[in-house]
Amino acid sequence: MMMVMQPEGLGAGQDPFAGGGGGEYMEQEEDWDRDLLLDPAWEKQQRKTFTAWCNSHLRKAGTQIEDIEEDFRNGLKLMLLLEVISGERLPRPDKGKMRFHKIANVNKALDFIASKGVKLVSIGAEEIVDGNLKMTLGMIWTIILRFAIQDISVEETSAKEGLLLWCQRKTAPYRNVNVQNFHTSWKDGLALCALIHRHRPDLIDYAKLRKDDPIGNLNTAFEVAEKYLDIPKMLDAEDIVNTPKPDEKAVMTYVSCFYHAFAGAEQAETAANRICKVLAVNQENEKLMEEYEKLASELLEWIRRTVPWLENRTGEPSMSAMQRKLEDFRDYRRLHKPPRVQEKCQLEINFNTLQTKLRLSHRPAFMPSEGKLVSDIANAWRGLEQVEKGYEDWLLSEIRRLQRLQHLAEKFQQKASLHEAWTRGRATSWPRPGKEEMLNQRDYESASLQEVRALLRRHEAFESDLAAHQDRVEHIAALAQELNELDYHEAASVNSRCQAICDQWDSLGTLTQKRRDALERMEKLLETIDQLQLEFARRAAPFNNWLDGAVEDLQDVWLVHSVEETQSLVTAHEQFKATLPEADRERGAILGIQGEIQKICQTYGLRLSPTNPYISLSPQDINTKWDTVRKLVPSRDQTLQEELARQQVNDRVRRQFAAQANAIGPWIQGKVEEVGRLAAGMMGSLEEQMAGLRQQEQNIINYKSNIDRLEGDHQLLQESLVFDNKHTVYSMEHIRVGWEQLLTSIARTINEVENQVLTRDAKGLSQEQLNEFRASFNHFDRKRNGMMEPDDFRACLISMGYDLGEVEFARIMTMVDPNATGVVTFQAFIDFMTRETAETDTAEQVVASFKILAGDKSYITSEELRRELPAEQAEYCIRRMTPYKGSGAPAGALDYVAFSSALYGESDL
């Protein structure tokens, strides 16, 4: 009768060696069909291997078998074998020697096998009792699978696949070894030697083995295993080598003995894996801490270097130099600062991510070096922005001051030049004697009465002219005083020139008075005066002053900042042009007086001096100045129109900037509020929330081009020295600050969701649980700002069934708000709600793992660490472990207990 054995619940067509639940260790029925045609070589190998395997267990009971098909026929040794390998007692065997006694005993053995989850199909004890070799070998293979192979589990694979994976992992580092199966991969003996050398390198010198000596390799492995590992020789080297495909069951049975022999080493490997996992977490966290420290140091150093530059209020003497400073500041805002803004935001994100990872792995919170807290960086950043705003205000104020200084200096030079030309007698197109030279003349001593009176009247005209110039001198002095008050860089030369003008003016006053006294003494002696010449002088002098004033006004410089101010100048100029016809009539009347004088001279034959005795001004002078005024009028028209056009361009730029700013400002504010609402009320899965936030982030990034265009218009305004804009309430600084706030807000919100993903994955939370947490949090977030105040948090806990006293609530607050900020964030709320259910490694588990590697000693050596752990993790432990201080330890012993506690913040390394 054919025997078919199947594990419970294994359906037709399933792989009995696939990893998974218990009992999947039997081959399918068709495998046994093939066994009925078992190759003679395979049959020989199975007979020897299974016999040796059974004897390795039976000898523990003081017996053995010689012939596998004969010695199990009465069922007694079969029952004894099952008791030895299972550690359980079977029913008492029947003592009789009749056939039915034997069948009863075999049935007891088969029933016991079935009770271990093996379903026996179409099999009776008769085949075993009758000595059927194929059925007997199949039954023993079933026992081997159930009790020697089924419970092998490596990396979520079990039974055959688990054993194969174990062999592959153990032999991977060895040359000429490539384990892919349980038949041909073992023919050269190197795989068996590698398994032994991996666990007991003292037993075999693997380097001396040759691939072309399979018989020697196999015999070496068999002999060493039997002598030192208590694994009996179950195979024959010549049979393995001379068989094209060795029997898989025989090889697998023999190899499984090695797995069980080295079970203790497997326990050490498991402990090593746990330690490597914990150390990997610690090393990753330390790397993040180092990156934070480095980034924080670089950012603080950049702030430290930048603040003194922004605090420097040393002005430049020229407009061009100050505009270069403004350009440098513009480069700082547009090129140098934005990357630092991103670094600051990234630093906060890295800090939050690191703290989340530390919480999830039960590590103590990260405390940066002194002066490198997130709050320290925020304070330094606020200080930077404060001096930055003050620096820009100072720059613009200084440029306005220099602009006004330049305007005042030009005006001073123009008026001083006019006055000096007047005092030198060169105010007209042809030379005249200087005023001091004229006042020092003694021409009246030999003059006639008419000449003296003429000289007197002429002097009166000069005094009138002198009085008219008093305002100009005072204006020059006022300009010099204002330049001094505004700290003009060439104030010394201005003061020197102004002092010379004032000294000369005082001298002119003194000389004028002396000449008047002299002329009045002569006036009593002289009686004749030409009334017409006098009239000419009286009318020509004020008209000449009017002409001088008109020329001065037409050449006057201005400083305006708006279309309205320019239009005011244009209006004033138009009003001046309206007075020109009346002035031309006055000019005609004055010239008519001179014509009358000439007519009288011709009539009466008088020979007069060609000059007017009362005034040095000639009709030609008046005409020359009049022509000058007429030429300056259209020039002034053109200059004013050019200024008006420039101001209109500036106003267009103002309006263009305002139109963009009035759109960008509300957009940024709306996005900031929208991100705030998203942070406070996000629903759906975290991946959906992340996708939505990433889309928002991309929309914001895409909007950056609008900010850049606005920066361009703002630069045009500054280059045109336009500092005010009545068309908008948004300055470029407002837009910059809002933009930076928006970027920081979206980055922080994304980071919060990322941390929630970390928490969810680490804690094993479902989306429904997260949604419940979010709903509870939002319900008690009364201010809708993404944070709960302590009273709201208490109410939330009470609503969830917590029985809180003051002491317990205070303890919980120290957990969720360790920095005593007075609020509870959503991340802290999730951490608290999931803290008790977290399944993470603990310090005690790590200590237990180290104890296994140390062979139950209370200390561990460097050699043991290097042998059991990968090189990087081993050196990491050796560098950080403190020397063991207990008694009886060798030199160099290390304290793994203190090290494990330090990993979780329970002590200091």
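Residues numbered from 1 in each chain as written. Predicted model: local features only at pLDDT ≥ 70, side-chain atom pairs only at ≥ 80, totals over all residues. Heavy atoms only, no water.

**Some words on the overall build of the chain**
Across its full length, the chain holds 33 helices and eight strands. When the 909 residues of the chain are sorted by exposure, 48% land in the buried category. At a minimum sequence separation of 6, the contacts of the chain that also span at least 24 residues come to 75%. Accessible surface for the chain amounts to roughly 44600 Å². Of this, 50% is attributable to carbon and sulfur atoms. (Helix = DSSP H or I, 4+ residues; strand = E, 2+ residues; numbered from the N terminus. Buried < 20%, exposed > 50% of the residue type's maximum accessible area, 1.4 Å probe, protein only. Contact = heavy atoms within 4.5 Å. Areas by Shrake-Rupley, 256 points an atom, 1.4 Å probe, with all protein chains shown as cover.)

**Quick look at the packing of helix H4 (residues 76–86) against helix H5 (residues 99–115)**
For any two helices packed against each other, the geometry is given by the interaxial angle and the distance between the axes. The interhelical angle for the contact between H4 and H5, taken along N-to-C directions, is 25 degrees, at an axis separation of 8 Å. When the axes of H4 and H5 are compared, the pair comes out roughly parallel. Considering how the two elements wind past one another, H4 and H5 form a crossing that is left-handed. In this structure, H4 contributes Leu76, Leu78, Met79, Leu82 and Ser86 to the contact, and H5 contributes Asn105, Val106, Lys108, Ala109, Phe112 and Ile113. Along the lines of polarity and charge, the residues of the contact of H4 with H5 split into eight nonpolar, two polar and one charged. (Axes fitted to C-alpha atoms, helices over the stretch in contact; angles between N-to-C directions. Parallel < 35°, antiparallel > 145°, perpendicular 65-115°, else oblique. Left-handed = near helix turned anticlockwise from the far one by under 90°. Nonpolar A, V, L, I, M, F, W, Y, C, P; charged D, E, K, R; others polar.)

**Looking at unusual backbone geometry**
Phi angles above zero are rare outside glycine, and asparagine 176 is one such case at about 65 degrees. Structurally, the position occupied by asparagine 176 is in the loop between helix H8 (159–171) and helix H9 (190–199). Unlike most non-glycine residues, alanine 820 shows phi in positive territory, near 55 degrees. Secondary-structure assignment places alanine 820 in the loop between helix H28 (806–816) and strand E6 (824–825).

**Considering the layout of surface pockets**
When its volume is computed, the second largest pocket comes out at roughly 650 Å³. Forming the boundary of the second largest pocket are 24 residues, of which Pro338, Gln342, Lys704, Trp739 and Leu743 lie nearest the centre. For the lining of the second largest pocket, the secondary-structure elements that each account for two or more residues are helix H14 (319–360), helix H23 (686–702), helix H24 (704–719) and helix H25 (732–763). Looking at which element gives the most residues to the lining of the second largest pocket, the answer is H25, with nine residues. Residue classes in the lining of the second largest pocket are distributed as 11 nonpolar, three polar and 10 charged. (1 Å grid on protein atoms, 1.4 Å probe; cavity = no way out; pocket = protein on both sides within 12 Å on 5 of 7 lines; lining within 4 Å. Points joined across faces, edges and corners; volume = space filled by probe spheres on them.)

**Some remarks on the side chain of aspartate 247**
Examined against the element boundaries, aspartate 247 turns out to sit in the loop between helix H11 (237–242) and helix H12 (248–261). Although buried, aspartate 247 forms no salt bridge, and the nearest oppositely charged side chain, lysine 249, lies 5.3 Å from it. Of the polar contacts made by the side chain of aspartate 247, one reaches the backbone nitrogen of alanine 250; its length is 2.8 Å. Leave out the neighbours within four places in its chain, and aspartate 247 touches Trp42, Gln45, Gln46 and Phe182. (Lys, Arg positive; Asp, Glu negative; His and termini not counted. Salt bridge = Lys/Arg side-chain N within 4 Å of Asp/Glu carboxyl O. Polar contact = N/O pair within 3.5 Å; in protein donor to acceptor, adjacent residues only side chain to side chain.)

**Things to note about empty space enclosed by the protein**
Considering all chains together, one arrives at four cavities of 30 Å³ or more under this definition. Approximately 60 Å³ is the volume attributed to the largest cavity. Lining the largest cavity are Trp186, Leu192, Leu218, Phe222, Leu235, Ile240, Val251, Tyr254 and Val255. Elements with a contribution of two residues or more to the lining of the largest cavity: helix H10 (214–228) and H12. Among the elements that make up the lining of the largest cavity, the one with the highest residue count is H12 (three residues). Here the residues of the lining of the largest cavity sort into nine nonpolar, no polar and no charged.

**Section: the packing of aromatic side chains**
Overall, the coordinates contain 29 aromatic pairs when judged by the stated rule. Taken together, a centroid distance of 6.4 Å and an interplanar angle of 85 degrees make the contact between phenylalanine 793 and phenylalanine 829 edge-to-face. Residue phenylalanine 793 is located in helix H27 (residues 790–799), and its partner phenylalanine 829 is located in helix H29 (residues 826–835); the two are separated by 36 residues in the primary sequence. The exposure classification of phenylalanine 793 matches that of phenylalanine 829, with both residues buried. One aromatic cluster in this structure is built from Trp302, Trp309, Phe329, Tyr332, Trp381, Tyr391 and Trp394. Just above the ring of phenylalanine 147 sits the side chain of arginine 146; from NZ or CZ to the centre is 5.1 Å. One residue, lysine 435, lies across the ring of tryptophan 422, its end atom 4.8 Å from the ring centre. (Phe/Tyr/Trp six-rings, centres within 6.5 Å; stacked < 30°, edge-to-face > 60°. Lys NZ or Arg CZ within 6 Å of the ring centre and 35° of its normal.)

**Thoughts on the environment of phenylalanine 112**
Assignment of secondary structure puts phenylalanine 112 in helix H5. Take phenylalanine 112: its relative accessible area is 9%, and that puts it in the buried class. For the pair phenylalanine 112 and leucine 82, spaced 30 residues apart in sequence, the C-alpha separation works out to 8.3 Å. Filtering out sequence-adjacent residues up to four positions away, phenylalanine 112 remains in contact with Leu82, Ser86, Glu88, Leu90 and Phe147.

**Overview of the pattern of salt bridges**
In a structure, side chains of opposite charge can pair up when their charged atoms sit close to one another. All told, the structure shown has 64 salt bridges when counted by the stated rule. A salt bridge links lysine 577 to glutamate 574; its shortest N-O distance comes to 3.1 Å. A residue pair is termed a helical-turn pair when its members lie 3 or 4 positions apart in one helix, as lysine 577 and glutamate 574 do in helix H20 (residues 563–578) at three residues. On the basis of relative accessible area, glutamate 574 is assigned to the partly exposed category, the value being 40%. Connected through salt bridges with shared partners, the residues Arg333, Lys337, Glu385, Glu388, Glu392, Glu711, Glu733, Arg736 and Glu740 form a single ionic network.

**Structural notes on the nonpolar core**
Residues Trp53, Ile140, Trp186 and Phe258 are the most contacted members of the largest nonpolar core, which totals 76 residues. With 11 residues, helix H7 (residues 133–149) is the single largest residue contributor to this core. Those residues in contact with tryptophan 53 that sit more than four places away from it in its chain are Leu81, Ile85, Ile143, Ile144, Ala148, Met234, Thr253 and Cys257. (Core = buried A, V, L, I, M, F, W, Y, C linked by side-chain atoms within 4.5 Å.)

**Re H4**
Among all positions of H4, only Leu78, Met79, Leu81, Leu82, Glu83, Ile85 and Ser86 are buried. Positioned one or two residues after H4, glycine 87 has a phi angle of 75 degrees, which is positive.

**Regarding the side chain of serine 900**
Residue position: serine 900 is located in helix H33 (residues 896–903). Owing to a relative accessible area of 0%, serine 900 belongs among the buried residues under this scheme. Of the polar contacts made by the side chain of serine 900, one reaches the backbone oxygen of tyrosine 896; its length is 2.8 Å. If near-sequence neighbours (up to four positions away) are discounted, serine 900 is found in contact with Ala843, Val846, Val847 and Phe850.

**Some points on the confidence of the model for the chain**
Confidence in the prediction of the chain, expressed as mean pLDDT, is 81, and 89% of residues score 70 or more. In the model, residues 1–37 has pLDDT below 50 throughout and makes 96 contacts with residues more than four positions away in sequence or in other chains. Contacts for the low-pLDDT stretch residues 427–431, under 50 throughout, to residues beyond four places or in other chains number 10 contacts. (pLDDT = per-residue confidence, 0-100.)

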